Amino acid sequence: MEPLPSALLTDLYQLTMIQAYLEAGQTGTAVFEFFVRKLPPQRSFLMAAGLEQVLEFLENLRFSEDELGWLERSGKFSSTLIDYLAEFRFSGEVRAMPEGTLFFGNEPILRITAPLPEAQLVETRLINILHFQTLIASKAARLVLLAHDKLLVDFGLRRAHGAEAGLMAARASYIAGFAGSATLLAEKSFGIPTYGTMAHSFIQSFDDETAAFEAFARARPQNLVLLIDTYDTEAAARKVVTLAPRLKELGIAVRALRIDSGDLVTLAKSVRRILDAGGLENIGIFASGGIDEETLLAFARQRAPVDGIGIGTSLATSFDAPALDCAYKLQEYAGLPRRKRSTGKATWPGRKQVWRRYDRDGRMMGDVLSVEDDKQGGEPQIHPVMASGQRIASQASLHDIRAHARRELERLPLELHKTKSQVPYPVQISTALEQLAAVADRRVSLAELRP
């Protein structure tokens, strides 16, 4: 990975709360959990992603001399806080769902157990990391299900909301099943395969389209993909039919033609006929340009002869559902359950586990959300990944994470493959968790009655 962001990439109120915690002696063990309150209407499931970057953040979080000096000069903070931050090292425990795991509303995907000031300090960046990668992985997973094994490539960097967003969109979409990305740094940082063709500007810089194709082919003979919709898509396809034998004599094979505009289904069929008639059945067709779920459904419905697809803006911005209603909330402090009771934002208290059951075909059939020590039927989804501020096992490779995500999608109920599922996945709240919530409520109510 590239250098980590500054420790000051956080909210002001994190530091003001920590200062108050320290002065009030509120430094006992706290438990926070990250979860999504409810799924967006356009999502029937979510896919967890970003854990690797969270663990990297926790292991390396430090305040530099420059940052500490700036905080001191700002005049906003006490020497007590500055001294605390100077020595800060995350010492807590992390339990989480593995990346690539599918989850649903109110199910925690990560739990932090640490002294209260530590657990509070990491909130902003932790949400920032988990929210975005989970958002994009969930979007990508839907696209993967609808693409029916067609090759999908992330084209989103140029329209992503910033450089880090573009890079992490490449990672999250690869986890979910995309074949690769156009983002070069994704290959350097994560080993993600990169794909690329050419821009219309390359074609336009030549007076003759065939000359442009040949010049590019000679310069980039491997995995050659030619962009054919700069002027007349069908005419360009015929030019490729004429050019291909000459390139073959040079040892250059055209792998695919890319169509980036127009009626993609109609043009793909027309180009396919032109290629086949010219004896070029082995040249594939790659489509791009404003593609989303509805486009993929149209490809399937109309049997478009498209072999590969580049998806940009709709993926990197999760255009149809650009944010998740996620939260990182205190669930336990000093050994006592804590919960928020705000209307519409109430939380379940305590250290929780998600138990998942499967049917005879191995497909998911329902979850139970309960307290950690209340064993239920099924498989637990949350596992230890860090203790005393250090990972407790070697990190999973991106290949293994991707394989886990693929297995998860294979076990997803078929009803949830639809873009608009009418049957929500069942998540049951256990009796033990309801009882713990009652205990927490009763304690708060009694405290309010004390003079």
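Source: prediction; values computed, not measured.

(A) Representation of the sheet that holds strand β12 (residues 326-333). The seven strands lie next to each other as β13-β12-β1-β5-β3-β17-β18, forming an open sheet whose pairing is antiparallel. A single partner strand is all that each edge strand has here, and the edge strands are β13 (336-337) and β18 (390-391). Pairing of strand β17 (residues 383-387) with β18 involves two bridges; the strand directions are antiparallel. Bridge pairing links A387 to Q390 in β18. Contacting β1 (29-36), β5 (110-115) and β12, helix α6 (residues 123-147) runs over the sheet at an angle of about 135° to β12.

(B) View of the environment of L167. As for its placement among the helices and strands, L167 is situated in helix α7 (residues 163-176). Relative accessible area serves as the criterion here: at 7%, L167 is assigned to the buried category. When the C-alpha positions of L167 and L185 are compared, they lie 7.1 Å apart, and in sequence the two are 18 residues distant. With residues up to four places along the chain from it excluded, the contact list for L167 reads L157, L185, A186, S189 and F190.

(C) View of the sheet that holds strand β6 (residues 151-154). Reading across from one edge, β7-β6-β11-β10-β9-β8 is the order of the six strands in this open sheet, with parallel pairing throughout. Bordering the open sheet on either side are β7 (180-181) and β8 (224-227), each of which pairs with just one other strand. Sheet topology places β6 next to β7; two bridges connect them, and they run parallel. By the bridge assignment for β7, D154 is matched with S181.

(D) Up close: the environment of V54. Here V54 is to be found in helix α2 (residues 51-60). Taking the C-alpha atoms as reference, V54 lies 7.4 Å from L130; in sequence the two are 76 residues apart. With sequence-adjacent residues up to four places away left out, V54 is seen in contact with L110, L126, I129 and L130.

(E) Summary view of helix α12 (residues 264-277). Over its 14 residues, α12 runs 20 Å from end to end, which matches the ideal 20 Å to within 8%, given 1.5 Å per residue. Considered for burial, the residues of α12 that qualify are L264, V265, L267, A268, S270, V271, R272, I274 and L275. Close packing links the buried residues of α12 with α11 (233-249), β9 (254-259), β10 (284-287) and α13 (293-301).

About the cut-offs
Residues numbered from 1 in each chain as written. Predicted model: local features only at pLDDT ≥ 70, side-chain atom pairs only at ≥ 80, totals over all residues. Heavy atoms only, no water. Pairing = 2+ DSSP bridges. Helix = DSSP H or I, 4+ residues; strand = E, 2+ residues; numbered from the N terminus. Contact = heavy atoms within 4.5 Å. Axes fitted to C-alpha atoms, helices over the stretch in contact; angles between N-to-C directions. Buried < 20%, exposed > 50% of the residue type's maximum accessible area, 1.4 Å probe, protein only. Expected span 1.5 Å × (residues − 1).

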